[in-house]
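Read off the chains here:
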Amino acid sequence: MLRDEQLSILRDISQSIAFADDRHGKIGELIADGYVTKDGDLFELTAKGVTAVEEHAALGASDVEQASVSSDRLI
């Protein structure tokens, strides 16, 4: 299971957002786990990384929908 910080890094990579050097050590973990590859100076998501980002986004949308339904029931 990925931690929120790891998912944040994966999302940044998928959106080509630059990030601070202090996060590079954490990227090494993601590379070792097969979520990210390095091509020269660039980091890219593997299929596993893309799937993780997409699944997390889908889960987040599901949580928002459930919260909305729950708040509707309170009224």
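In this report, the structure presented in the accompanying data block is examined. (Residues numbered from 1 in each chain as written. Predicted model: local features only at pLDDT ≥ 70, side-chain atom pairs only at ≥ 80, totals over all residues. Heavy atoms only, no water.)

## Description of the overall build of the chain
(1) Moving on: A count of helical and extended segments in the chain gives three helices and two strands.
(2) Moving on: Here the chain holds 75 residues, and the buried ones make up 25% of them.
(3) Moving on: Contacts spanning at least 24 positions in sequence make up 36% of the contacts within the chain whose residues lie at least 6 apart.
(4) Moving on: Of the roughly 5300 Å² of accessible surface on the chain, 53% is carried by carbon and sulfur atoms. (Helix = DSSP H or I, 4+ residues; strand = E, 2+ residues; numbered from the N terminus. Buried < 20%, exposed > 50% of the residue type's maximum accessible area, 1.4 Å probe, protein only. Contact = heavy atoms within 4.5 Å. Areas by Shrake-Rupley, 256 points an atom, 1.4 Å probe, with all protein chains shown as cover.)

## Examining the packing of aromatic side chains
(1) Moving on: Here the structure, examined in full by the defined rule, presents zero aromatic pairs.
(2) Moving on: Lying across the ring of Y35, K48 places its NZ or CZ 4.6 Å from the centre. (Phe/Tyr/Trp six-rings, centres within 6.5 Å; stacked < 30°, edge-to-face > 60°. Lys NZ or Arg CZ within 6 Å of the ring centre and 35° of its normal.)

## A look at the nonpolar core
(1) Moving on: If you look at the biggest cluster of nonpolar residues, it comprises 13 residues, and the most contacted ones within it are L2, L10, I13, L30, Y35, V36 and L45.
(2) Moving on: Broken down by element, this core gets its largest block of residues, four residues, from helix α1 (residues 4–14).
(3) Moving on: In this structure, V36 is in contact with L10, I13, I27, L30, I31, F43, E44, L45 and T46, ignoring residues within four places of it in sequence. (Core = buried A, V, L, I, M, F, W, Y, C linked by side-chain atoms within 4.5 Å.)

## Here we look at the packing of α1 against helix α2 (residues 24–32)
(1) Moving on: At a minimum axis separation of 10 Å, α1 and α2 run at an interaxial angle of 90°. Taken together, the axes of α1 and α2 are roughly perpendicular relative to one another. Residues E5, Q6, I9 and L10 of α1 form the contact with α2, whose participating residues are K26, I27, E29 and L30.
(2) Moving on: Here the contact of α1 with α2 is composed, by residue class, of four nonpolar, one polar and three charged. (Axes fitted to C-alpha atoms, helices over the stretch in contact; angles between N-to-C directions. Parallel < 35°, antiparallel > 145°, perpendicular 65-115°, else oblique. Nonpolar A, V, L, I, M, F, W, Y, C, P; charged D, E, K, R; others polar.)

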